[in-house]
Every structure is written in structure tokens, then in C-alpha cells.
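The lines below spell out each chain.
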Amino acid sequence: MNPNHKSADGRPGVSLKRSLLRTLALLAAAGLLAGCGMTVMDPSGDIAVQQRNLIIASTALMLLVILPVIALTFIFAWRYRASNTDADATYDPDFHHSTQLEVVIWTVPLLIIIALGAMTWVSTHTLDPYRPLSRIAPNKPVPADVKPLTVEVVALDWKWLFIYPEHGVASVNEMAAPANVPITFRITSSSVWNTFYVPALAGMIYAMPGMETKLHAVMNQEGDFTGISGQYSGSGFSRMNFGFRSLSPQGFDEWVAKAKASGAPLDRQAYLALEKPSEAEPVRYFTSVENGLFGAIVGLCVAPGQMCVHEMHHIDRMGGAVADSEANRQRLEYDSRRLQGGDEPSGATFPASGRPPRSLEEPEGVMPRDQPGEEGGKTPPSNAPSRPESGPAPTQLNNRPADGHQH
């Protein structure tokens, strides 16, 4: 490039400066992109590898249509341009049908759809997260003497709890597992929906309160990986991450021994304290876990006096509790928003919940509130939804269904 080159306005070196700026911007962008990880496309677990292969195969099949269409768009635009006078590019306004084109237009997409359908059918069953693993790597079935590691996962606000029932330990925001050993995850949540996701291990699995979901996976490489929450769940969502340590068998035994030697027991009272909303929680361990704690978490009955969900299901199957229904209803009330203890996580207040706001700042689009209300807030306008009173269900919900009603 000539340093004496002059721009259109006669100023020397302007084009050179602009070129240098563009080059520096490109180098900076390349440096930023160099730090991006491609974990999803370069995973370390067999399930994630099969999912990666499924993505590549599906994309390749769809490109069989996309690439020719893009290429033909440019070819047709060039061949049938107004300045082209070749005889084989003549404009024919009477053209209306071509059997050859119809065969290609319908056959190729049909074959691709059939191939995608077959891949979807096979992979849906092969990669079913509830299905126990039949292999730990390609051409490497699960050894008969290997017992899967069971890990109970609880999504809290805003942290992760991992319970190892077979080893009697638990941890917060860190889990470990031996490489090349199948892992059976039992997943639930304490309050709101979340997603358990270790990109290097397997795809996202929902964590839902009052329910248990499963995941079977295996990590084939040793190393430290990152797990995240894949669904927004409040102000602490962005820091709701955890470490996944894939270790050798000896390293995993040392990790369990470290957990047993540090921390405190995880009983129901300790869990209720841990369940309170908190952000950026450090890694910590529990030396022991109270029997049946995970089942109580799933059943929403960790707190004393609570009735578990499965108990109510049993009562319903037996025809209901009749006179004891009201008492049972009170025992089933689960303080999922932690209002009773004053530990409600940040989220919807006024007007979505019908409670006074915790800030004097006016929400956008809401009518002004002039009167002071409880908790230092202001009284919501008359059209705000009121907070529902605790009590039995409306009478019409307790009526017996008409004869022949199908549930």
C-alpha cells in the first residue's frame, strides 16, 4: 500500500489509517472469538457425542437442499439477466410445467424427510434420558461388574445441591464422578422450574418441583467441566453454575473422603436453611445426609408437619379423606415462595402477586399509587388483583361429576 496515497478529499494517508483500523478491529474480533468454547461440538461424554453427531447429520441432510437452492439462485440470476442474449436463456412466458423438475422438487425433499424421520425415531429411543446406558463409548458396552453412580440433584434458588446416597455425602455447587462409569441422575427442584445442563456430558433435563426427572450419562474424559442452569429462574440465575469434576476412581474416592472430613451433616433443618435464596454460593460439603431427604424434597414435605404429595395421591386413590380433607389441605400448603419465613426471592410482587411492592419506584405502565401501604410500600390501585385468602376450594370444585363424566 502506498503511504503517499491521497483520499478523495486530498488528505494523504487517510485510506491507510482506515485500513489499519479495519485490520486491528478484525484482529481484536478474532482474539475474542478465540476464547469461545465449542463444548457442544467437542464434548467429553458419550451421550453428548451422540447428540453432537445427530446435529451434524441433520444439518448435512438439510444442506442437501439449502446449498443447491442458494447456488441455483445465483446461477438463474446470472443466466437470465436482462443483458444475456444467448438463445438458451430465452424468456418463455408460456412455460408452465416440467416433469423432470417436478420429480426433483418432490423426490429430494421427500427422501430427506424420510431420512430425518428415521434418524429421529432411532435417536429418540437410543438417547432417551430415562433409559439406562448400554455402552460407555462406541463399541464399548457397560462392563458387567460396573455399578452406576447415583446422584440426586436439587435445583435451589440459586445454587445446586448434589446428594450421593450410596456414599452418604452431599455438596453444593460442585459434583464429582469417576470417568467411564455410568451416572444415574435423579433431578428435582425446590421452587421453580430449572434445567440441569452439563454441555460436555449430555443435553438439558428439566428440574421441576414436586416431580423427579432422570438422566443417564457417562463422562469419558477426566477433567474439570462446567454445569449451568439453562432456564431463567430469577435474579441469581446468571451465577447459578457448578463445577463438574470427572476423576479417576482413586481421585473420586479421595473427593468422597474430603467431603466426609469437612462440613456438617445435612439433615432437614440444614436443608431448610440451605433452601433459602442466596447467590454466588461457595462450594461446600456435607459429611452425611439424613435418610429419605431427597424423597421429602420431591414430596414437598421437608418442613415438620407437612404432608407429602405421594401421601395425598394415596388418599385420593382410596376415595378421599372426607372429614379430614380440610386438615389435609392445610398440611399440603407448601410455602414455595417462602413468605412465612420472610425469605421470598426477588420476583413478581405488585401487581402480579397482589402484594405491595418492596420499592417505591413506580413500575412502568402502572397507575400511580399515592397511599402508603404495609411493608413501606404503597397501596395498589383498585384494579390490582387481590391476594387470595387461604381456605377451602370453591364449592363448585367439590361437586361430584355428572354421571358418565370421563376424567
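Scroll up a little and you will see the structure.
Remember, predicted model here, so these are calculated numbers, not experimental data.

So, how was this worked out
Residues numbered from 1 in each chain as written. Predicted model: local features only at pLDDT ≥ 70, side-chain atom pairs only at ≥ 80, totals over all residues. Heavy atoms only, no water. Core = buried A, V, L, I, M, F, W, Y, C linked by side-chain atoms within 4.5 Å. Buried < 20%, exposed > 50% of the residue type's maximum accessible area, 1.4 Å probe, protein only. Helix = DSSP H or I, 4+ residues; strand = E, 2+ residues; numbered from the N terminus. Contact = heavy atoms within 4.5 Å. Disulfide = S-S within 2.5 Å. Salt bridge = Lys/Arg side-chain N within 4 Å of Asp/Glu carboxyl O. Axes fitted to C-alpha atoms, helices over the stretch in contact; angles between N-to-C directions. Parallel < 35°, antiparallel > 145°, perpendicular 65-115°, else oblique. Nonpolar A, V, L, I, M, F, W, Y, C, P; charged D, E, K, R; others polar. Pairing = 2+ DSSP bridges.

S.K.: Explain the nonpolar core to me, and be specific about the residues and the numbers.
M.R.: Core analysis: the biggest nonpolar cluster contains 40 residues, and V151, F162, Y164, M175, F185, F196 and F244 have the highest contact counts within it. Where this core is concerned, the elements lending two or more residues are β3 (149-156), β4 (159-164), β6 (174-178), β7 (183-189), β9 (205-207), β10 (213-217), β12 (242-247) and α4 (249-261). Ignoring any residue separated from it by four or fewer positions in sequence, one finds F162 in contact with V151, E152, V153, V169, A170, S171, N173, E174, M175, F196 and F242. By size, the runner-up hydrophobic cluster in this structure holds 19 residues, among which are L156, I163, F286 and A296.

S.K.: Go over unusual backbone geometry, please, and point to the residues and values.
M.R.: With an omega dihedral of -10°, the bond running from D157 to W158 counts as a cis peptide bond. Its location among the elements puts W158 in the loop between β3 and β4. With phi around 65°, N180 is a residue other than glycine that occupies positive phi space. Considering the arrangement of structural elements, one finds N180 in the loop between β6 and β7. Residue N180 is classed as partly exposed on the basis of its relative accessible area, which comes to 29%. A positive phi is found at A280, a non-glycine position, where the angle reads about 55°. Its place among the elements puts A280 in the loop between α5 (268-275) and β14 (284-289). Judged by relative accessible area, A280 falls into the partly exposed class, the value being 46%.

S.K.: Any chance you could break down the state of the cysteines for me, citing the residues and the numbers?
M.R.: Taken as a whole and assessed by the stated rule, the structure comprises 1 disulfide. Across a sulfur-sulfur distance of 1.9 Å, C301 and C308 are joined as a disulfide pair. Here the disulfide of C301 and C308 is right-handed, its torsion about the S-S bond being about 80°. The burial state of C301 is the same as that of C308; both residues are buried.

S.K.: Go over the pattern of salt bridges with me, naming the residues and quoting the values.
M.R.: As enumerated under the stated definition, the model contains 9 salt bridges in all. R186 is paired through a salt bridge with E212; the nearest N and O atoms lie 2.8 Å apart. With R186 in strand β7 and E212 in the loop between β9 and β10, this residue pair connects regions lying 26 residues apart in the sequence. The partly exposed category is assigned to R186, whose relative accessible area is 26%. Residue E212 is classed as partly exposed on the basis of its relative accessible area, which comes to 24%. The partner of K214 in a salt bridge is E212, with the nearest N and O atoms 3.0 Å apart. Look at K214 and you get partly exposed, because its relative accessible area is 26%. Members of the salt-bridge network, linked through shared partners, are E152, R186, E212 and K214.

S.K.: Go over the packing of helix α2 (residues 46-79) against helix α3 (residues 99-126) with me, naming the residues and quoting the values.
M.R.: Between α2 and α3, the least distance of the axes is 10 Å, while the angle of their chain directions is 170°. Here α2 lies roughly antiparallel to α3, going by the angle between them. Two secondary-structure elements touch here, α2 through Q50, L54, A57, S58, L61, M62, L64 and V65 and α3 through V108, I112, A115, L116, M119, S123 and T126. Residues that form the contact of α2 with α3 fall into these classes: 11 nonpolar, 4 polar and no charged.

S.K.: So what's going on with the sheet that holds β3? Which residues, and what values?
M.R.: With mixed pairing, 7 strands are arranged side by side in an open sheet as β10-β7-β3-β4-β5-β14-β13. Lying at the two open borders of the sheet, with one neighbouring strand each, are β10 and β13 (264-266). Recorded for the sheet is a direction-independent mean angle of 30° between the axes of neighbouring strands. Where β13 lies against β14, 2 bridges are found, and the strand directions are parallel. Within β14, the position partnered with L266 by the bridge is V289.

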